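Topology and contacts: notes
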Amino acid sequence: MKGKMKKLYYYLTLLIFLLIVNGCSISTFPNVQLLNCPSNSIQRIAVLPFKNDTKFSQGGDIFYKVFSAQLISSNWVKVVPEGDVRSIYRQLEIFPGQQPNIQQLRIIASRLHVSYLILGKVLKMEEKRTRQGEIDPIISVSLQIINGKTGKLILVTHHYREGEAYRKIMHFGMIDTVTKLAAVMSHEIIEKWERDLNECILKD
Amino acid sequence: MSMNKVKYTLVISIILTIFLPLTALAQSINKIAILPIQDLTHGANGVNFNCTRLLEKNLSKQGIIVINNKQVMASLVKHRIRWTGFLDSYNTYLLGQELKTDYILIGTICQYSNRIEPRVGMTLTLLNTKTSSSIWAWVGSLSIKDFIHPLGLFEPKNAAELLPLLVEKAVKNFPKRLEFTQNVCPNCSIRNVVVRPRFIRSGQDVTCIVRVNSLGHKIIPVFKLQINNTFIKLKLVSHNEYKAIFMGPIKQGCFPLYLIYRINNKTYRIYVGNLTVDNEAPKVRLIARGIHIWNAVALKRRLVILPRLNNPEPISRWQIAVCTLDGEKILSQDGPGPLPSRFFWRGQDASGAMVATGVYKIVLDIWDMAGNKAEASIRVAVIRTPPQIKVSSKITNNKLLLTVKNDTDIPLSFWRLEVFQGGNLLITEVGSKLPVIVKLSIPHKKFTRLFCIVTARDIFGNITKKKFTKTFINKNGKINSFKKTINSSGWTTEF
């Protein structure tokens, strides 16, 4: 009888532990909408400068730099150097904060010898101060992959995250810098893109 | 036995063919150039030399030869590289050649703040100068919260103390050996492609200029421009410039332009934009809402003019002018680029003075991107004369009949008649249409002095105000008017 009770306690403790762990883990993923499946896997891609729709100084550039670095280190695709993209922007007279039109996107893709382009917009970037006096960074981004030859949208992604969401216990796990949060979010987005696009190409 | 030998040889040769090139491309990093680290906290052009020095110091400790900072700066100046944090393929190749290194490290400080919680954030990218590609990247950040010690010892206090720790962390993650696929930089060769003009009329000349980066090609590259099925060869005009002047297509339409070039026995075809042939002037019209008078739209306080294109298309420039019917220009304005959504005219000329009563013409000229001109005009009536109000009086059966008339044909928006006697208001009449007859009883006194005010405003806002006094004498029960004074502006003096 005692042995049975012990087992029951053991299972109950295990169940509670699993529930806590599950509750603490982050279940929300970036919202990715796949609109057109690419005909073959993406080999080389160009990341175009992100638009900053926030009051955070250089918010667009910060997320752009972090996202590009994460994309390079992911080894999923080859990334066109930022300098080449900026050089074509200068030639086409696309000023900072401006987004290229369809014809300019086609020219950029062709000149950079890429089939796909990543466009992005930082919708929210701020460092909120919590009641405990900690910094809780918040980032919201909207990214798109478009076909540089046709101008068709391949996928649209929206991602929103707060540093607090990664807290495990006490202050452990909590992200308290915008750079780190941007890196984690970029990693999540790239991982999801890779999985979704591979699945879609395999299906076709 | 001989068959086995053949098999073995075949298998070994296959293995060697597959793996030898890959192993050859795996390289250890022994020499590196570090470009000044960009600092976004000081704007897009900010530079952090302290971080650059820390990276140099830490990488040197790892046994990597770091090219002298002065040498790097001299190369940046020589090649007029005015920015940090990124580098284009051609400049990566050039710096690699000049500094005799296969690797260039670029980076950006994303965060550097001492506010509330000191924190720093950084990204680093390693470029290969032979392939002009990014081969490694790292993102890292540190905040004071990452160094909480139970006794509060050795904790960094500010961002300046955090930065060396972040650099140390970055260097720990720095690759010792890199494997990469060898590919010639595809977009190193072309520096710039210019096609002018992009919008033409049939048969107009078009210039195409291609500027190339001198990558030391032994074979001179061949450049051709493709429009539809026509190929135009570009001629070498200087050491790095190819040019062609050709007649544009006769047929109207939008033609994609492709640049075909052959470098190092490889042919590339790139899209360089569209060439639009347009012979038709855009159709434009002007819309102005208001009251129509004298076959024109009447100006009230201001006139809103809306230009509308029947088939919207890009506009290169526009000009709007206000002219008299004789063609004399009294006001004009022009501008480049898109057509404004609306224009306003307040009835003023170029000097700011109000124009006189009359009919004017507002003319809008627009030019499309190919230079085709279109014109639209609208007639505007300006009325500055106030309503001509006339008041006449008649006495019948001891009653005063006041007749108020408007001598102009411009409708009134309102009129108002007020009659006073010794400070007391006797009657107030309001209306919008004239003529009108107002009846008034005169008190039976020996002398009666009446004071009248008539105000009228026409539909264009012109106001007239008339004031007059009139004295009546009651002689044996019969009232006669004695004297009257009518003044159209200002108060009358006693008669």
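Reading the values: the criteria
- Along every chain, residues carry numbers that run from 1 in the direction the sequence is written.
- Throughout, the order in which chains and ligands are written sets their labels, letters from A for the former and numbers from 1 for the latter.
- In keeping with the predicted nature of the model, local features appear solely for residues at pLDDT of at least 70, side-chain atom pairs appear and are counted solely at 80 or more, and the whole-chain, interface and lining totals rest on all residues.
- For side-chain calculations, the full set of non-hydrogen atoms in the structure is used, while hydrogens and water are omitted.
- Any Phe, Tyr or Trp ring, taking Trp's six-membered ring, that has another such ring centre within 6.5 Å forms a pair; planes under 30 degrees apart are called stacked, those over 60 apart edge-to-face, and the others tilted.
- To qualify as a helix, a DSSP run of H or I must reach at least 4 residues; to qualify as a strand, a run of E must reach at least 2; elements of each kind are numbered from the N terminus.
- Two conditions define a charge located above a ring, namely a distance within 6 Å from the ring centre to NZ of Lys or CZ of Arg, and an angle within 35 degrees of the ring normal.
- Cysteine sulfur atoms that pair up within 2.5 Å are treated as a disulfide.
- Per-residue accessibility, obtained with a 1.4 Å probe over protein chains only, is compared with the maximum for each type, and a residue is labelled buried under 20%, exposed over 50%, and partly exposed between these values.
- Side-chain atoms within 4.5 Å link the members of a nonpolar core, which is a set of buried Ala, Val, Leu, Ile, Met, Phe, Trp, Tyr and Cys residues.
- It only takes one pair of heavy atoms within 4.5 Å for two residues to be counted as in contact.

1. So, the packing of aromatic side chains
Across all of its chains, the model carries 14 aromatic pairs over all chains by this definition. A ring pair is formed by Trp83 of chain B and Phe86 of chain B, whose centres lie 5.9 Å apart and whose planes are at 15°; its orientation type is stacked. Relative to Tyr360 of chain B, the ring of Trp345 of chain B lies with its centre 5.9 Å away and its plane at 65°, an arrangement referred to as edge-to-face. Remark: Tyr360 of chain B occurs in strand S26 (residues 358-368) and Trp345 of chain B occurs in strand S25 (residues 343-345); sequence separation between them is 15 residues. One aromatic cluster is present, built from ring pairs that chain together Phe50, Phe63, Tyr64, Phe67 and Trp193 of chain A. Above the face of the Phe86 of chain B ring, Arg86 of chain A is positioned so that its terminal group lies 5.2 Å from the ring centre. Here the guanidinium or amino end of Arg106 of chain A rests over the ring plane of Tyr271 of chain B, the centre of that ring lying 3.9 Å away.

2. Comments concerning the state of the cysteines
All names here are of chain A. Taken as a whole, this structure holds one disulfide over all chains when the rule is applied. In this model, Cys37 is linked to Cys200 through a disulfide, with the two sulfur atoms separated by 1.6 Å. When the S-S torsion is 135°, as for the bridge of Cys37 with Cys200, the disulfide is right-handed. Here Cys37 is found in the loop between strand S1 (31-34) and strand S2 (44-47), whereas its partner Cys200 is found in helix H5 (residues 178-203), with 163 residues between them in sequence. On the basis of relative accessibility, which here comes to 7%, the residue Cys200 falls in the buried class.

3. Some words on the nonpolar core
Phe67, Leu71 and Trp193 of chain A are the most contacted members of the largest nonpolar core, which totals 57 residues. In terms of residue count, the dominant contributor to this core is H5 of chain A (nine residues). In this structure, Leu71 of chain A is in contact with Ile45, Val47, Trp76, Val77, Val79, Ile118 and Ile190 of chain A, ignoring residues within four places of it in sequence. In this structure, Leu59, Leu105, Leu163 and Leu166 of chain B belong to the second largest nonpolar core, which totals 29 residues.

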